[in-house]
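This is what each chain is made of:
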Amino acid sequence: MADNLPSEFDVIVIGTGLPESIIAAACSRSGQRVLHVDSRSYYGGNWASFSFSGLLSWLKEHQENSDIVNECPAWQEKILENEEAIALSKKDKTIQHVEVFCYASQDLHEDVEEAGALQKNHATVTSVNSTEAADPACLHIADESLSTVSCEMPTEPTPSSDPESAREVNDVEAAGEKENPCDEKTCVLSTSEEETRENVPTAEDTTEQPKKNRITYSQIIKEGRRFNIDLVSKLLYSRGLLIELLIKSNVSRYAEFKNITRILAFRDGRVEQVPCSRADVFNSKQLTMVEKRMLMKFLTFCMEYEEHPDEYKAYEEISFSEYLKTQKLTPNLQYFVLHSIAMTSETASSTIDGLKATRNFLHCLGRYGNTPFLFPLYGQGELPQCFCRMCAVFGGIYCLRHSVQCLVVDKESGRCKAIIDHFGQRIISKHFLVEDSYFSENTCSRVQYRQISRAVLITDRSVLKTDSDQQISILTVPAEEPGASAVRVIELCSSTMTCMKGTYLVHLTCTSSKTAREDLEPVVQKLFTPYTETEIENEEVEKPRLLWALYFNMRDSSDISRNSYNDLPPNVYVCSGPDCGLGNDNAVKQAEALFQQICPNEDFCPPPPNPEDIILDGDSSQPESLESIAAPEANSETLKESANLGNSEEPSE
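Predicted model only: the values in this text are computed from it and were never measured. (Residues numbered from 1 in each chain as written. Predicted model: local features only at pLDDT ≥ 70, side-chain atom pairs only at ≥ 80, totals over all residues. Heavy atoms only, no water.)

## Some points on the environment of Arg253
Phase 1: Tracing the backbone through its elements, the reader meets Arg253 in the loop between α9 (241-249) and β9 (257-259).
Phase 2: When the C-alpha atoms of Arg253 and Cys386 are compared, they prove to be 8.7 Å apart, with 133 residues separating the residues in sequence.
Phase 3: Among the polar contacts made by the side chain of Arg253, one reaches the main-chain carbonyl oxygen of Asn250 at a distance of 2.7 Å. (Helix = DSSP H or I, 4+ residues; strand = E, 2+ residues; numbered from the N terminus. Polar contact = N/O pair within 3.5 Å; in protein donor to acceptor, adjacent residues only side chain to side chain.)

As structure tokens, then:
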């Protein structure tokens, strides 16, 4: 298909991260001819989600720093005398300082190792017992449980962002057919089939019954398709810009969500639950009756603080943490408000920032559950794919594994006129959107990037044990050293479709000051204990056991001025990668701002027309049906449709 691409488009988008995917969907929806390409083999870029073997494949690519692109050596010859080229980078340099540790026992059988194990040199894995890691020899394929939600994707829908082509999947299956006991028919299950399958004990389950707490590395490999591991860890505010966009555009029909069930705090070496809703506050046993009244009074003020300027104007110049000390709040309440409700920095956030964050938190409460946050089933990597589906439905063309060699700039006008791909084909367009990581060092020589420290952990139980083992939690661990950043911890259970049953997937994120391991390992040591054979028999372990850990630093290219890039033509727009924030507002704001530059008079991702209201040529339907297309009663119908979003507050297990 890539050999026969049309030679002209209105918009070419390079990179399939969340901002690029939103812009591609918006442009396609407004009638623009869109080509969306990515040199990677998966959707999402640094917003992607991977199965366990897919993640190890991604690690292997980054650590080898190999270039999987068939470079066209003669592309320079295609540049004419009145043109110049802006070469694009062929290597992704956004990930650094990757370190992998395996603590689970390494009783790998040969067939399991062949199905999913890497050679020692393919990944740097430090282990208690071994230095072997799992390999993507058995890359997961389309999970039909998502097809009930997202049936309009031009390619097969996948629960994570390694949507390999049918040809490549077949090659992989052929290579591992003999060794892998889990073929396509047994691994691709509907949701109901998965639940039934999980509840039926297998021969292996029977053999492991005496040690039901013992989780081995071979089990993680075997169940690797049940993992959907996000590169970037975020949540959706229930009244945030992304949720509103998903509802408005009806893209919400391509995804399902779960409500975050609890908000936690780490204080005095102990994890405890934070009361945030009115019911939680009055049911809390952690707060005295006086504290409950003080907290409710302060939260009520925060909801309407702009109406009472006299109460905060005098404190605008001080930090929010100092402002809280001036209020009638106990140290206990100050801690909860600062770290678990406002979730702001102890030193860097002003009083206004803290009041805004607290009001936003309270504003989002109760829409879909007892916390303000939602999480997409199958991981954050679903969201870029949802918008890609919308783009494809309205005629957008997609090419993965399709590298762009350069942008072609007209010397006279100074505008970009075309790209040249790795086949040597010249494709003309009016507008070009490029994800930051595709620019070469020459283009980015003046850009000062920040870094995000990330850790991904697989553990055997929750950081705060309760009667239910299906809790989805967010926890903020304050910084201990001056100048350091607080660490955000998001813990996901198996009902989010991001990890195997009996395990939890834990994401840690903070702004980098050192390498990811140096930034985050102290917090990991506070919350977890490494999994060792000597502790297996001990039923009452104080902390959750750590089975597997990954640390890496990711580039934060958000909030970088366009002027920082060298010699960009005016019709080339830059999309940034993920930022360190909890929500996705930055990506949506960026996408809308760039869309308005490309299509200044167009609505941003309007609702799709109702098929029943579309008038075909020669059809003499009532004229009022046209009005329903032009100005749909979007909110009532769309919100009703998006009650699927709301289903997250009462997940059916």
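## Thoughts on the sheet that holds strand β4 (residues 83-87)
Phase 1: Read from one edge of the open sheet, four strands run β4-β14-β15-β16, paired in antiparallel fashion. Two strands in the sheet have a free side with no partner beyond their single neighbour: β4 and β16 (426-428). For this sheet, the mean angle separating the axes of adjacent strands, direction not counted, is 30°.
Phase 2: Looking at chain direction, strand β15 (residues 416-421) and β16 are connected through three bridges and run antiparallel. (Pairing = 2+ DSSP bridges. Axes fitted to C-alpha atoms, helices over the stretch in contact; angles between N-to-C directions.)

## Examining the pattern of salt bridges
Phase 1: Across all of its chains, the model carries 23 salt bridges by this definition.
Phase 2: Among the salt bridges present, the one from Arg359 reaches Glu306, with a minimum N-O distance of 3.1 Å. Here Arg359, found in helix α14 (residues 351-364), pairs with Glu306, found in the loop between α11 (289-303) and α12 (320-326); they are 53 residues apart in sequence, far enough to count as distant.
Phase 3: The exposure class assigned to Arg359 is partly exposed, which follows from its relative accessible area of 25%.
Phase 4: A network of salt bridges, in which partner residues are shared, links Asp38, Arg40, Asp92 and Glu435. (Salt bridge = Lys/Arg side-chain N within 4 Å of Asp/Glu carboxyl O. Buried < 20%, exposed > 50% of the residue type's maximum accessible area, 1.4 Å probe, protein only.)

## Here's the deal with empty space enclosed by the protein
Phase 1: Taken as a whole and assessed by the stated rule, the structure comprises three cavities of 30 Å³ or more.
Phase 2: The volume enclosed by the largest cavity comes to roughly 70 Å³.
Phase 3: Class assignment of the residues belonging to the lining of the largest cavity gives a composition of two nonpolar, nine polar and four charged.
Phase 4: As a volume, the second largest cavity reaches approximately 40 Å³.
Phase 5: Asn46, Thr94, Glu435, Asp436, Ser437, Arg555, Ser557 and Gly577 are the residues that line the second largest cavity. (1 Å grid on protein atoms, 1.4 Å probe; cavity = no way out; pocket = protein on both sides within 12 Å on 5 of 7 lines; lining within 4 Å. Points joined across faces, edges and corners; volume = space filled by probe spheres on them. Nonpolar A, V, L, I, M, F, W, Y, C, P; charged D, E, K, R; others polar.)

## Description of unusual backbone geometry
Phase 1: The phi dihedral of His97 falls on the positive side, at around 55°, and the residue is not glycine.
Phase 2: Mapped onto the secondary structure, His97 falls in strand β5 (residues 95-102).

## Let's talk about α14
Phase 1: With 14 residues, α14 extends 20 Å between its outermost C-alpha atoms, agreeing within 8% with the 20 Å of an ideal straight helix rising 1.5 Å per residue.
Phase 2: All of the buried residues in α14 are Thr351, Ile352, Gly354, Leu355, Thr358, Phe361, Leu362 and Cys364.
Phase 3: Elements that come into contact with the buried residues of α14 comprise β8 (236-237), β10 (262-267), α11, α12, α13 (331-341) and β12 (373-376). (Expected span 1.5 Å × (residues − 1). Contact = heavy atoms within 4.5 Å.)

## Considerations on the nonpolar core
Phase 1: The biggest cluster of nonpolar side chains holds 101 residues, and the ones touching the most others in it are Phe298, Leu508 and Trp548.
Phase 2: Counting residues per element, this core draws most heavily on strand β23 (residues 545-556), which supplies eight residues.
Phase 3: In this structure, this core is formed jointly by two domains, domain 1 (8-93 + 378-447 + 559-598) and domain 2 (277-364), each of which donates at least three residues.
Phase 4: Ranked by size, the runner-up nonpolar core spans 46 residues in total, among them Ala26, Ala255, Tyr368 and Leu383. (Core = buried A, V, L, I, M, F, W, Y, C linked by side-chain atoms within 4.5 Å. Domains from an automatic or database assignment.)

Shape is all these values report; function is a separate question.
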